[in-house]
Amino acid sequence: MPRAPRIRPSALSEWPVPFDPAWELDWSRPDYGRRLLREHLDQSHDGASRRLALVDQHVRRLRKLLPSPPATLLDAGSGPGLYATRLAVAGFDVTGIDVNPAAIRHARAEAPKDTRGRLRFHRAELAALEPPPTPYDAAILVYYVLEAFPAREQPRVLRRIAASLGPGGIAIVEMRLRPDQLPGRICWWDIVDSSVLSDRRHLLLGDGTYDRARNTYVLREIAVFDDGTAAGQQTSAWLCPFDRIPSLFRRGGLEVTEVFDGWSSDRGNQLSESVIVVSRRLP
Ligand SMILES: C[S@@+](CC[C@H](N)C(=O)[O-])C[C@H]1O[C@@H](n2cnc3c(N)ncnc32)[C@H](O)[C@@H]1O
C-alpha cells in the first residue's frame, strides 16, 4: 500500500499552490479511496456525498430537468452511486463512472436487483473519457465534480462530456460559485482517529485558502503522527465566475439553456452560492 507523501514542516509554503501535483489528492489511490468511501457514506455530514435525505430531494429535482425515463444517463463522478442508483430505480438507464475503485465496488454491490439490467458502474478518469458506442441522452456532474479541474482543463472535460451525448443531449452540472468561507486563509486543527491520510490516530492540521482574485480555493490537510512524521494532501478548486459560465460551456461544446440557484427552481445569479447549469450539446 503506498504511503501518504511525507512532508518536512520547514519546507511547507504558507500559502498552498492550487493544483500543485505534488500535493493534490489522488482520488484513485486505493487507500485514500477506501477512506473517502467511508466519508461518502457517513450520515453525520455532507462531506464527500450528501446525506441520503438530501440526495432523495435532489433526485426529485433532477427528474424534472432530465428527459423522461428510460432515457440513458451518464453520472460522471458518481462516487458510491447514490444518485445513479436512485435514478435507475426511477427507470433511467444509468452508467456511473468514477476514479475511486472502492466507490465503484460499493456502487456495484449495492445496486438493487431490479435495476441490474439498466445500472452499471465503471472505473474511469473523466479527463480521458471515451465516447460510448451508443451516446447518452443526458449527463450529470453532481456535487462540484468539475471544479476539481484547473480552469484550462474544464472546457476539455466538458468537451468529453459533450462528445458522449447524442444530438440534443443535455448536461446538468452542479457548480459552486464560492466556498463557505471569506477570502483569505482559515486554519484549524483536531485530534482524529482517522482521516483520508491515515487510519492511525493523529493530529490533523487544516487550512482553507480562498483566493477571490484567481477564483481558486484550496483545502489542505496535514497529518502529524506519534513518531513525529507528517503527511499531507490538498484538494483544489477553480470556481468559474457566474458571468463566465456560458463561455466555459461553449468552449466545452455545450450551450447553456438554464441556470438555477442551487437545487431550487429559482434563477441563479451572481449571489448564488452554487448553481445547477442545464446545457445542451451544440450541433
Ligand atoms: C464530491 S464527490 C461527488 C460524488 C457524487 N457525485 C455524489 O454527489 O455523491 C466527487 C467525485 O468525483 C470523483 N472524481 C474526482 N476526480 C475525478 C476524475 N478525474 N475522474 C473521475 N472521477 C473523479 C471522486 O472520486 C468523487 O467520487
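The rules we used
Residues numbered from 1 in each chain as written. Predicted model: local features only at pLDDT ≥ 70, side-chain atom pairs only at ≥ 80, totals over all residues. Heavy atoms only, no water. Patch = residues over 30% accessible without salt bridge, like charges linked within 9 Å, V, L, I, M, F, W, Y side chains within 5 Å. Areas by Shrake-Rupley, 256 points an atom, 1.4 Å probe, with all protein chains shown as cover. Salt bridge = Lys/Arg side-chain N within 4 Å of Asp/Glu carboxyl O. Helix = DSSP H or I, 4+ residues; strand = E, 2+ residues; numbered from the N terminus. Pairing = 2+ DSSP bridges. Axes fitted to C-alpha atoms, helices over the stretch in contact; angles between N-to-C directions. Buried < 20%, exposed > 50% of the residue type's maximum accessible area, 1.4 Å probe, protein only. Contact = heavy atoms within 4.5 Å. Lys, Arg positive; Asp, Glu negative; His and termini not counted. Charge placed at Lys NZ, Arg CZ, Asp CG, Glu CD. Domains from an automatic or database assignment. Buried area = accessible area lost by both parts, 1.4 Å probe. Polar contact = N/O pair within 3.5 Å; in protein donor to acceptor, adjacent residues only side chain to side chain. Nonpolar A, V, L, I, M, F, W, Y, C, P; charged D, E, K, R; others polar. Near = heavy atom within 4 Å.

### Topic: a nonpolar patch on the surface
A surface patch of nonpolar side chains, about 240 Å² in accessible area, is lined by Ile186, Trp188 and Leu219. Residue placement: Leu219 occurs in strand E8 (residues 216-224).

### A closer look at the sheet that holds strand E9 (residues 230-238)
Spatially, the four strands line up as an open sheet ordered E6-E7-E8-E9, and their pairing is antiparallel. Only two strands of the sheet have a single partner each, and these edge strands are strand E6 (184-192) and E9. The sheet shows a mean angle of 15° between the axes of neighbouring strands, direction not considered. Pairing between E8 and E9: nine bridges, direction antiparallel. Within E9, the position partnered with Ala223 by the bridge is Ala231.

### What about helix H3 (residues 82-89)?
Across the eight residues that make up H3, a large majority, six, are buried. Looking at the packing, one finds that the buried side of H3 touches helix H1 (30-41), helix H2 (52-65), strand E1 (72-76), strand E2 (93-98), strand E3 (119-123) and strand E4 (136-141). Gly91, located one to two residues past H3, shows a positive phi value of around 110°.

### So, a positive patch on the surface
On the surface, Arg152, Arg156, Arg159, Arg244 and Arg251 cluster together into a patch of positive charge. Following the sequence through the fold, Arg159 ends up in helix H5 (residues 154-163).

### Section: the environment of Gly268
Relative to the helices and strands, Gly268 is located in the loop between strand E10 (254-261) and strand E11 (274-281). Exposure remark for Gly268: the relative accessible area of 9% places this residue in the buried category. Between the C-alpha atom of Gly268 and that of Glu258, which follows or precedes it by ten residues, the distance is 8.6 Å.

### Comments concerning the domain arrangement of the protein chain
For the protein chain, the assigned domains are domain 1 (9-26 + 179-238) and domain 2 (52-177 + 240-281). If you look at the interface, domain 1 gives eight residues, while domain 2 gives eleven residues. Both sides of the domain 1 and domain 2 interface together cover about 780 Å² of buried area, and 60% of this is carbon and sulfur. At the boundary of domain 1 with domain 2, the tally comes to zero salt bridges. The interface formed by domain 1 and domain 2 includes two residue pairs in polar contact (both at pLDDT 80 or more). Considering every element that reaches the side of domain 1 that touches domain 2, the biggest residue donor is E9, with three residues. Residues of the side of domain 1 that touches domain 2, tallied by class, amount to six nonpolar, two polar and no charged.

### Describing the site of the ligand
Near the ligand lie 17 residues; those nearest to it are Ser49, Gly77, Asp98, Glu125 and Leu126. Here a nitrogen atom of the ligand and a backbone polar atom of Gly77 are 2.7 Å apart. In this structure, a nitrogen atom belonging to the ligand sits 2.9 Å away from a main-chain N or O atom of Leu126. Look at the ligand: alone it shows 590 Å² of surface, and the protein chains cover 93% of it. Partitioning the shell around the ligand into residue classes produces nine nonpolar, six polar and two charged.

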